[in-house]
Amino acid sequence: MRVMNMAGVLINFSNRLKATIKKAYRITVATHIDPDFDGLAASVGIGYLVRSIKGRPPVFYCCSTIPARYEFIVQNRCFVQNLPACDLLIVVDSASLDRILCASGRRHELPAEIVNIDHHKSNTLFGTMNYNDERASSSCEIIYDITRILKVKLSPTAARTLYTGLYSETGGFAYANTTSRTLQVAAELMCYPIKLDWLVRQINAKTLTGTRLLGEVLATIKIEDGVGTMYVTKKMIDRCRARMSDTENFVSFLAAINEVRVAIFLREQDDSTRVSLRSNCRIDVDRIARQFGGGGHRLAAGAKVRVPLRKLLKAVSTVIREHMKKHSAGR
């Protein structure tokens with residue numbers, strides 16, 4: 001019954017979205033700071049939808065520079081870094097407005113109409129129109145369903161883009177967020193002429209400098225009472241001549257260690273520290289990330305905090321161990 005209800009909600013949302021796009025003149029599609037495959041692929045996917053309805057593409061916005069590794073998704077699309085004036089803002093894969101505004105936009109510059117499409121448990125429902133389904137594997141899965149409801153004909157490139165979001169967000173369909181619906185969507189997208197071997201190589205591509213950096217990061221690993229930690233500093237990145245974008249998914253190496261129940265990966269930035277959390281047990285890392293102003297999913301979450309790396313590492317480790325003690329005592 002719940003699935004049927006959600007399907008009905010998505011049908012109503014999709015029809016409202018189409019009507020909202022039709023009446024809008026200036027449309028901007030936005031995703032979060034430090035974008036990932038799902039955020040960018042979802043943005044481009046919504047771009048296809050807007051173009052099919054309006055006959056012209058929207059403006060794409062992200063306050064971060066788009067790393068070169070995502071070029072095969074964005075192709076010739078330009079993502080502006082200052083929020084443009086618009087009368088409709090469609091936000092994808094972002095749990096809050098703060099995740100898209102950063103320092104490049106103020107709340108009084110926001111349009112009256114904001115559409116929020118996401119799959120994060122921590123979503124604040126900030127839009128005038130909201131659709132958030134935390135059971136969906138990815139934002140791309142939701143957007144695919146919207147295109148099906150609105151009978152939008154996908155091009156092979158659009159299908160490949162949405163498949164990229166599904167594949168990357170589920171770790172190649174290996175993570176716990178992979179559902180029967182996710183696999184069904186993937187199978188339907190595979191009906192298009194997607195060169196899967198080429199696509200997977202693009203998603204998993206590594207740079208030489210990034211691989212050297214990984215070696216240094218793995219050397220920082222410490223494991224104590226089921227809590228695994230590792231980190232990367234700016235000096236390490238500079239020494240390896242790498243980029244911050246090279247560190248995406250480094251946390252999976254830590255989380256894969258047998259003794260690790262909760263993985264903590266910290267990345268030092270100019271004015272803050274980013275923390276990525278992964279859980280292989282009953283610990284809900286979304287709840288922990290929220291304590292530090294972030295969020296995400298039960299098994300995968302993160303935050304960006306204006307605290308020095310080592311101080312944040314100690315604080316997050318302490319909170320996680322407190323949660324683990326409570327769970328152990330409650331058995």
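Scoring rules and cut-offs
- The residue numbers shown here count from 1 along each chain, following its written sequence.
- Predicted model: local features are reported for residues with pLDDT of at least 70 only, side-chain atom pairs are reported and counted for 80 or more only, and whole-chain, interface and lining totals are derived from all residues.
- Hydrogens and water are ignored here; the side-chain numbers use all heavy atoms of the structure.
- For two strands to be treated as a pair, DSSP must find no fewer than two bridges joining them.
- Labels follow the DSSP assignment, with helices taken as runs of H or I lasting at least four residues and strands as runs of E lasting at least two, numbered in each case from the N terminus.
- Contact criterion: two residues are considered in contact whenever any of their non-hydrogen atoms come within 4.5 Å of each other.
- As a rule, the C-alpha atoms of each element are fitted with a line to give its axis, helices using only the stretch in contact, and angles between N-to-C directions run from 0 to 180 degrees.
- Relative accessibility under 20% of the residue-type maximum defines a buried residue, over 50% an exposed one, and the middle range a partly exposed one, all with a 1.4 Å probe and only protein chains included.
- Looking down the strands as they point away from you, a crossover is right-handed if its path from the first strand over the helix to the second goes clockwise.

Examining the sheet that holds strand β5 (residues 113-118)
Spatial strand order, β3-β2-β1-β4-β5-β6: six strands in an open sheet with parallel pairing. Of all strands in the sheet, those with a lone pairing partner are β3 (79-80) and β6 (129-132), marking the two edges. Helix α2 (residues 37-54) contacts β1 (27-30), β2 (59-61), β3, β4 (88-92) and β5 of the sheet and is inclined by roughly 145° relative to β4. Strand contacts of helix α5 (residues 139-149): β4, β5 and β6, with the helix running at about 115° to β5, the strand carrying the most contacts.

Comments concerning the pairing of β4
In regular strands, side chains alternate between the two faces of the sheet. With respect to burial, β4 is a largely interior element, five of its five residues being buried. Side chains of β4 alternate between two faces, with Leu88, Ile90 and Val92 and Leu89 and Val91 buried alike. Looking at chain direction, β1 and β4 are connected through four bridges and run parallel. Bridge pairing in β4 places Ala30 opposite Val91. Direction of pairing for β4 relative to β5: parallel, over a ladder of five bridges.

Brief notes about the pairing of β1
Side chains Ile27 and Val29 project from β1 onto one buried face, and the interleaved Thr28 and Ala30 project onto a second face that is buried too. Taking the sense of rotation as the criterion, the β-α-β connection linking β1, α2 and β2 turns out right-handed.

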